[in-house]
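Residue strings, one per chain:
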Amino acid sequence: MLIYIVQLPLGKVRVELDRKGLKLADRGGFNAHWVNEEGQALSELEYLQKVKTYLEEIFFAQEMKPPSTITLNLAAHQLMDDLKGWSKLNYSSQFVKPKQLND
């Protein structure tokens, strides 16, 4: 599992990434939560590099060979698009305290 705080255009997000593969059917595989913590967060580009390394390791473990550059880039950018989509869909929830979400 890969866990990082990432600075997206709409705010900071804690992303827990647990992907099973690089195929489109493996889309998702992450949990995201808004955070209000002070301190460092990875930029989108920094996070994308971490994601590529993570996905490359998953692919290699499954296929015993490195993925093609195209496959790796598509999978990594697809994940970033999904994460940005999540942030747009959940933008208003970042202003609600976690206790209020459970009520």
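As a convention, each chain's residues are numbered from 1 in the sequence order in which they are written. Where totals are concerned, whole chains, interfaces and linings use all residues; where local detail is concerned, this predicted model gives features only for residues with pLDDT of at least 70, and gives and counts side-chain atom pairs only at 80 or more. With hydrogens and water set aside, each side-chain value is computed from the structure's full complement of heavy atoms.

Undergrad: Where do I start with the overall build of the protein chain in this structure?
TA: For the protein chain, the count of helices and strands is three helices and three strands. Projected onto its principal axes, the C-alpha coordinates of the protein chain cover approximately 45 × 25 × 20 Å. In the protein chain, which comprises 103 residues, the proportion classed as buried is 39%. Across the protein chain, contacts joining residues at least 24 apart in sequence account for 61% of those joining residues at least 6 apart. Total accessible area on the protein chain stands at roughly 6,800 Å², and carbon and sulfur atoms take up 54% of it. Segments assigned H or I by DSSP are reported as helices when at least four residues long, segments assigned E as strands when at least two residues long, and all are numbered from the N terminus. We call a residue buried when its accessible area falls under 20% of the maximum for its residue type, exposed when it is over 50%, and partly exposed in between, using a 1.4 Å probe and counting protein chains only. What makes two residues a contact is simply this: any of their non-hydrogen atoms within 4.5 Å. Using a 1.4 Å probe, accessible areas were evaluated by the Shrake-Rupley method; residue-level cover was limited to the displayed protein chains.

Undergrad: I would appreciate a short explanation of the nonpolar core in the present structure.
TA: One recurring pattern in soluble globular proteins: nonpolar side chains tend to sit buried together. Nine residue types can take part in a nonpolar core, namely buried Ala, Val, Leu, Ile, Met, Phe, Trp, Tyr and Cys, and a core is a set of them joined through side-chain atoms within 4.5 Å. Membership of the largest hydrophobic core comes to 25 residues, with the highest contact counts inside it found for L17, F30, Y47 and L55. When contributions to this core are tallied by element, the ones reaching two or more residues are β1 (2-8), β2 (11-17), β3 (30-34), α1 (44-63) and α2 (69-89).

Undergrad: Just to check I follow, could you spell out the pattern of salt bridges for this structure?
TA: Side chains carrying opposite charge are able to pair once their charged atoms draw close together. Salt bridge criterion: a side-chain nitrogen from Lys or Arg within 4 Å of a carboxyl oxygen from Asp or Glu. Across all of its chains, the model carries three salt bridges by this definition. Here E16 and R14 are joined by a salt bridge, their closest N and O atoms 2.2 Å apart. Among the residues examined, E16 registers a relative accessible area of 16% and is labelled buried. E44 serves as the salt-bridge partner of K84, at 2.8 Å between the closest nitrogen and oxygen.

Undergrad: When you look at the sheet that holds β3 in this model, what are you seeing that I'm missing?
TA: Sheet strands associate in pairs through backbone hydrogen bonding, adopting either a parallel or an antiparallel arrangement. At least two DSSP bridges between two strands are required for those strands to pair. With respect to topology, three strands assemble into an open sheet ordered β1-β2-β3, the strand pairing being antiparallel. Edge positions in the open sheet fall to β1 and β3, since each of these has one partner strand only. Taking the axes of each pair of neighbouring strands and ignoring which way they run, one obtains an average angle of 25° across the sheet. With seven bridges connecting them, β1 and β2 associate as antiparallel partners. In the strand pairing of β2, L8 is matched with G11. Lying over the sheet, α1 contacts β1 and β2, oriented at roughly 155° with respect to β1. Those strands touched by α2 are β1, β2 and β3, and its axis lies near 40° from that of β3. Here an angle of 0 to 180 degrees is reported between the N-to-C directions of two axes, which are lines fitted to C-alpha atoms, with helices fitted over the stretch in contact.

Undergrad: What's the story with the side chain of K12 in this structure? I'm lost.
TA: With respect to the element layout, K12 can be found in strand β2. Positive charge is attributed to Lys and Arg, negative charge to Asp and Glu, and no charge count is given to His or to the chain ends. Buried and without a salt bridge, K12 has E38 as its closest oppositely charged side chain, separated by 5.6 Å. Pairs of N or O atoms are called polar contacts if they sit within 3.5 Å, as long as, within protein, a hydrogen donor faces a hydrogen acceptor (for residues adjacent in sequence, only side-chain-to-side-chain pairs). Among the polar contacts made by the side chain of K12, one reaches the main-chain carbonyl oxygen of G39 at a distance of 2.8 Å. Apart from the residues within four sequence positions on either side, K12 is in contact with I5, V6, Q7, H33, W34, V35, E37, E38, G39 and A41.

Undergrad: Looking at this model, I keep getting lost on α1. Mind explaining?
TA: In an α-helix, one turn spans 3.6 residues; hence positions three or four apart end up facing the same way. Over its 20 residues, α1 runs 28 Å from end to end, which matches the ideal 28 Å to within 8%, given 1.5 Å per residue. Each element contacted by the buried residues of α1 is listed here: β1, β2 and α2. In the stretch just after α1, M64 is the one whose phi turns positive, near 60°. Here the expected span of a helix is defined as 1.5 Å times the quantity of residues minus one.

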